[in-house]
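# Overview (structure and organization)
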2 protein chains.
Amino acid sequence: MSAELQQGTPRPDFEGFVALLRERAPLLPRRLRQVADHALAHPDDMALNTASQIAQKAGVQPSTLVRFAQALGYSGFSELQQVFRSRLRQQLPDHRERLAALRNGGAAGADMASVLLDGFIHASEASLERLRSGLRPDDIETATDMLAEARTIVLVGARRMFPVVAYLAYAFGKLGIRAVLVDNIASLGAEQAGMARPGDVMVAVSCAPYTPATIEMAAVAKAAGVPVIVLTDNALSPLAAHCDLCLEVSEADYGAFRSMAATFALAMTLAVGTAEKVRDDA
Amino acid sequence: MSAELQQGTPRPDFEGFVALLRERAPLLPRRLRQVADHALAHPDDMALNTASQIAQKAGVQPSTLVRFAQALGYSGFSELQQVFRSRLRQQLPDHRERLAALRNGGAAGADMASVLLDGFIHASEASLERLRSGLRPDDIETATDMLAEARTIVLVGARRMFPVVAYLAYAFGKLGIRAVLVDNIASLGAEQAGMARPGDVMVAVSCAPYTPATIEMAAVAKAAGVPVIVLTDNALSPLAAHCDLCLEVSEADYGAFRSMAATFALAMTLAVGTAEKVRDDA
DNA sequence: TGACTAGTGGAACAAATATTTCAATCTTCG
DNA sequence: CGAAGATTGAAATATTTGTTCCACTAGTCA
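Residues numbered from 1 in each chain as written. Chains lettered and ligands numbered in written order. Predicted model: local features only at pLDDT ≥ 70, side-chain atom pairs only at ≥ 80, totals over all residues. Heavy atoms only, no water.

### Describing the interface of chain A and chain B
Applicable threshold: Here, two residues are considered to be in contact whenever any of their heavy atoms come within 4.5 Å of each other. The term buried area means the drop in 1.4 Å probe accessible area that two parts suffer when joined, counted for both and summed. Every case where a carboxyl oxygen of Asp or Glu lies within 4 Å of a side-chain nitrogen of Lys or Arg is listed as a salt bridge. Whenever a nitrogen or oxygen atom comes within 3.5 Å of another N or O atom, the pair is scored as a polar contact, on the condition that within protein one atom can donate a hydrogen and the other can accept it, and that pairs from neighbouring residues in sequence are kept only if both atoms are in side chains. The numbering of helices and of strands both runs from the N terminus, where a helix is a DSSP run of H or I of at least 4 residues and a strand a run of E of at least 2. In this count, Pro and Cys sit with the nonpolar residues alongside Ala, Val, Leu, Ile, Met, Phe, Trp and Tyr, while Asp, Glu, Lys and Arg are called charged and the others, Gly among them, polar.
Contacts between chain A and chain B engage 68 residues on the former and 60 residues on the latter. Counting each side, the surface lost to burial between chain A and chain B is near 6000 Å², with a carbon and sulfur contribution of 68%. Among the ionic pairs, Arg132 of chain A bridges to Glu125 of chain B, the shortest N-O distance being 3.0 Å. Between chain A and chain B we count six residue pairs in polar contact (both at pLDDT 80 or more) in total. Counting residues per element, the side of chain A that touches chain B draws most heavily on helix H7 (residues 112–134) of chain A, at 15 residues. Here the residues of the side of chain A that touches chain B are counted per class, giving 40 nonpolar, 10 polar and 18 charged.

### Some words on the pairing of strand S1 (residues 153–157) of chain B
Residue and element names in this part refer to chain B. Counted only if it meets this: Think of it in three bands: with a 1.4 Å probe and only protein chains considered, a residue is buried below 20% of the maximum accessible area for its type, exposed above 50%, and partly exposed in between. When DSSP finds at least two bridges between two strands, those strands are taken to pair. We call a crossover right-handed when, viewed with both strands directed away from the observer, the connection leading from the first strand over the helix to the second proceeds clockwise.
Counting buried residues along S1, five of its five residues qualify, which places the element largely inside the surrounding structure. Residues Ile153, Leu155 and Gly157 of S1 are buried on one face, and the alternating residues Val154 and Val156, pointing to the opposite face, are buried as well. Where S1 lies against strand S2 (residues 179–182), four bridges are found, and the strand directions are parallel. Paired with Val154 across the strands is Val180, a residue of S2. After leaving S1, the chain enters helix H10 (residues 162–174) and then returns to the sheet as S2, a path that is right-handed.

### Considerations on the protein's contact with DNA strand D
Our working rule: Proximity is defined per residue: if any heavy atom of the residue lies within 4 Å of a molecule or strand, that residue is considered near it.
Around DNA strand D, 17 residues are found, and the nearest of them are Arg31 and Gln61 of chain A together with Ala51, Gln70 and Phe77 of chain B. Close to the protein, within 4 Å, the atoms of DNA strand D are drawn from sugar and phosphate at a rate of 76%. Within the backbone of Arg30 of chain A, an N or O atom sits 3.3 Å from a phosphate oxygen of DNA strand D. Between DNA strand D and Gln61 of chain A there is a distance of 2.5 Å, counted from a phosphate oxygen to a side-chain nitrogen or oxygen. Top element by residues in the surface near DNA strand D is helix H5 (residues 62–71) of chain B. It accounts for four residues.

### Re the pattern of salt bridges
One pass over the full model with this rule turns up 21 salt bridges over all chains. The closest approach of N and O atoms between Glu276 of chain A and Arg279 of chain A, which form a salt bridge, is 3.5 Å. Here Glu276 of chain A and its partner Arg279 of chain A are both found in helix H12 (residues 261–281), three residues apart, which amounts to about one turn of the helix. Given a relative accessible area of 8%, Glu276 of chain A falls into the buried group. The shortest N-O distance in the salt bridge between Arg151 of chain B and Asp200 of chain B comes to 3.2 Å. Of this pair, Arg151 of chain B sits in the loop between helix H9 (137–149) and S1 while Asp200 of chain B sits in the loop between helix H11 (189–194) and strand S3 (201–205); the two residues are 49 residues apart in sequence, bridging distant segments of the chain. In the salt-bridge network here, residues are joined through shared partners; they are Asp118 and Glu125 of chain A together with Glu129 and Arg132 of chain B.

### So, the sheet that holds strand S4 (residues 228–232) of chain A
Residue and element names in this part refer to chain A. Where we set the bar: Between N-to-C directions, angles cover 0 to 180 degrees, with each direction set by a line fitted to C-alpha atoms, over the stretch in contact for helices.
The parallel open sheet is built from five strands, whose spatial order is S2-S1-S3-S4-S5. The sheet is open, and its two borders are formed by strand S2 (179–182) and strand S5 (245–248), each paired with just one other strand. Averaged over all pairs of adjacent strands, the angle between strand axes in this sheet comes to 20°, irrespective of strand direction. Of the strands in this sheet, strand S1 (153–157), S2, strand S3 (201–205) and S4 are in contact with helix H11 (residues 212–223), which crosses S3 at around 160°.

### Some thoughts on empty space enclosed by the protein
Using the following cut-off: For cavity detection a 1 Å grid was placed over the protein atoms alone, and a set of points counts as a cavity when a 1.4 Å probe fits there but cannot get out; an open set counts as a pocket when protein lies on both sides within 12 Å along at least five of seven lines, with lining residues being those that have an atom within 4 Å of a point. Grid points are joined across faces, edges and corners, and a volume is the space filled by probe spheres set on the points.
Scanning all chains against the criterion turns up two cavities of 30 Å³ or more. Of the voids in this model, the second largest cavity is the one considered here, and its volume is about 30 Å³. Partitioned by chemical class, the residues of the lining of the second largest cavity number four nonpolar, two polar and one charged.

### Digging into the protein's contact with DNA strand C
DNA strand C sits among 17 residues. The nearest are Ala51, Gln70 and Phe77 of chain A together with Arg31 and Gln61 of chain B. A breakdown of the atoms of DNA strand C within 4 Å of the protein gives sugar and phosphate a share of 78%. Between Gln61 of chain B and DNA strand C, the recorded distance is 2.4 Å, taken from a side-chain N or O atom to a phosphate oxygen. Secondary structure elements with two or more residues in the surface near DNA strand C: helix H4 (51–58), helix H5 (62–71) and helix H6 (77–104) of chain A together with helix H2 (30–41) and H5 of chain B. Within the surface near DNA strand C, the residues separate by chemical class into four nonpolar, nine polar and four charged.

### Section: the packing of helix H1 (residues 14–24) of chain A against helix H2 (residues 30–41) of chain A
Residue and element names in this part refer to chain A. Heads up, the rule is: Handedness of a helix crossing follows the sense of rotation of the near helix relative to the far helix, less than a right angle counterclockwise being left-handed and clockwise being right-handed.
It is the contact of H1 with H2, at a shortest axis distance of 12 Å, that shows an interaxial angle of 145°. Considering how the two elements wind past one another, H1 and H2 form a crossing that is left-handed. Counting all contacts with H1, which are made through Phe17, Val18 and Leu21, the residues of H2 involved are Ala36, Ala39 and Leu40. Per-class residue counts for the contact of H1 with H2 are six nonpolar, no polar and no charged.

### A closer look at the nonpolar core
Rule in force here: For this analysis, a nonpolar core means a set of buried residues of the types Ala, Val, Leu, Ile, Met, Phe, Trp, Tyr and Cys, connected via side-chain atoms within 4.5 Å.
Judged by nonpolar contacts, the single largest core of 101 residues is most densely connected at Val203 and Ile229 of chain A. Residues in contact with Val203 of chain A, not counting those within four places in the same chain, are Leu147, Ile153, Val154, Leu155, Val156, Leu168, Ile229 and Leu231 of chain A. Residues Leu20, Leu72 and Phe77 of chain A together with Val35 of chain B belong to the second largest nonpolar core, which totals 61 residues.

### Focus: the sheet that holds strand S5 (residues 245–248) of chain B
Residues and elements named next belong to chain B. Strands sit in the order S2-S1-S3-S4-S5 across an open sheet of five strands; the sheet is parallel. Of all strands in the sheet, those bounded by a partner on one side alone are S2 and S5. The mean inter-strand angle of the sheet, taken between neighbouring strand axes irrespective of direction, is 20°. Sheet analysis places strand S4 (residues 228–232) next to S5, joined by four bridges and oriented parallel.

### Observations regarding helix H12 (residues 212–223) of chain B
Residue and element names in this part refer to chain B. As a reminder, the rule being used: Every helix has an expected span of 1.5 Å times one less than the residues it contains. Arc, as used here, means the arc of the directions from the helix axis to the C-beta atoms.
Here H12 is 12 residues long and its end C-alpha atoms lie 17 Å apart, about the 16 Å a rise of 1.5 Å per residue gives. If you check which residues of H12 are buried, you get Thr214, Ile215, Met217, Ala218 and Ala221. End-on, the buried residues of H12 take up no more than an arc of 165°, which puts them together on one face. Exposed and facing more than 90 degrees away from the buried side of H12 are Pro212 and Ala223. In the stretch just after H12, Gly225 is the one whose phi turns positive, near 85°.

### A few points about the pairing of S4 of chain B
Residue and element names in this part refer to chain B. A large share of S4 lies buried, amounting to five of its five residues. Residue alternation in S4 divides its side chains into two sets, Val228, Val230 and Thr232 and Ile229 and Leu231, and both sets are buried. As defined by bridge partners, S3 adjoins S4 across four bridges and the pair is classed as parallel. The residue bridging Ala204 from the neighbouring strand is Val230, located in S4. Each parallel crossover has a hand, and the one from S3 via H12 to S4 is right-handed.

As structure tokens, this is what we get:
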């Protein structure tokens, strides 16, 4: 091992570890780098599991963990692990206090950022909670059945909801499921969506205030005999009229902005659930 | 040992442990009671230290810890400690096991859907929790300062992360803040991003596996004197090298898919925070 | 009071875990 | 192309850690 990597024991706190890694990581060999990535991505894992369990998850040998720790100047893996454990110890009470402080005292202008962030986090958590209790598992089941049998999945969503369908396009693509994203480029949305035929399935996403184009495309598809699955905010949505299956996701808002957390969680579920079905059928 | 204390392995979660203790504690011998008190008072200690360290803090022998665990029906101290560790971990791996069990056991379909949804909801919640405690409010403050002073905000993100910048484009637009979305249409991404000049600000979003084009655009912008704000998953990200401010968001994953909840919450915070600043300046 | 039982401390033991070592492999540079 | 060096995987080893056992104590009931 080159001598330059050998130094006295580095700072025993997590921040110190990250700082150290920031400068050393680029110079580290492949496997050690792999460990570095894993350590930053899964710090809890590093704190709570044994060396061989961590090594397995990181895709390396246990000995590599020891080498990694030593390359950074720690005496061994155990010493490095203490860094992660102390982080876990401090982090919990620390953030509980901060949260309580924020809630009680009307925050000053300086931590406006914290208040906003906290607000959006809360809205997201509330949305997820509602999703958990509000959605019928049978409906997801029906949806994934439909999607798994589709020749092509046509994804429609605009404005606020475009990110959701864009994500679905990515996820389906990665899972090897044929899907096309209607992005309305050059105002060709109607033509893009119009190519759907029986045998295909449309997924349309829209919440209040509903984008007329999305409703229109769903209506046209349905009339053409294309099954339509809708993600919307409530059962009275104008979209609900033009669909075969309606999945309701009510997001909580903070200020003028609504969370997207529940919608994305549902989207991921649909994508993976469909992939599982497709695989089982084959 | 009296037979009544011997039972099958109790529930492996922390709630179960507390419930069990509530009814058994009064009947326990002195030293075991002492352990019970310590366990409830210092659950983190129970999760993160070795048996002899814990024993010392609790004022008992290591063997007493083992007896305590066994008196409650666990096979030994190690098994009991896992209960405390999973509490810290917020039971994430538990879901993987359940999903694996479902696959093997061939459970009913509706169950599969529930497990998936539950898994993604958990991953989202864990991500939000990490965001809450892991992000420095000062960094958000700095980011919104930079954004509020920008003439035009240039938004760069690809593949998995495209939905985030697409959302930001929507949000900034709605808030009356000038922003352009680099969507790489017709492979014109470099030209789209290349129009950024000093006085503008670029927001680049990318997590592993990093899209080379995004890194490249951030590097070019930075070299041209355009301030770059980066949203990425860890400090070692190749994007971190080419930015003026690095916001780290580590999302929890479930299966092969990572949550987007924390990234979106942060994006909303940035958008609204910037709007507040712009309004105050005027 | 004396025998019996449950409880306890501490040492011996067994198991799990981290660490070291060494041979094989891949890189790099002459 | 070939040699020197770095890197890696896997087995051997050393250490730590958890567990069991047994002698001893304290409390309880005949």
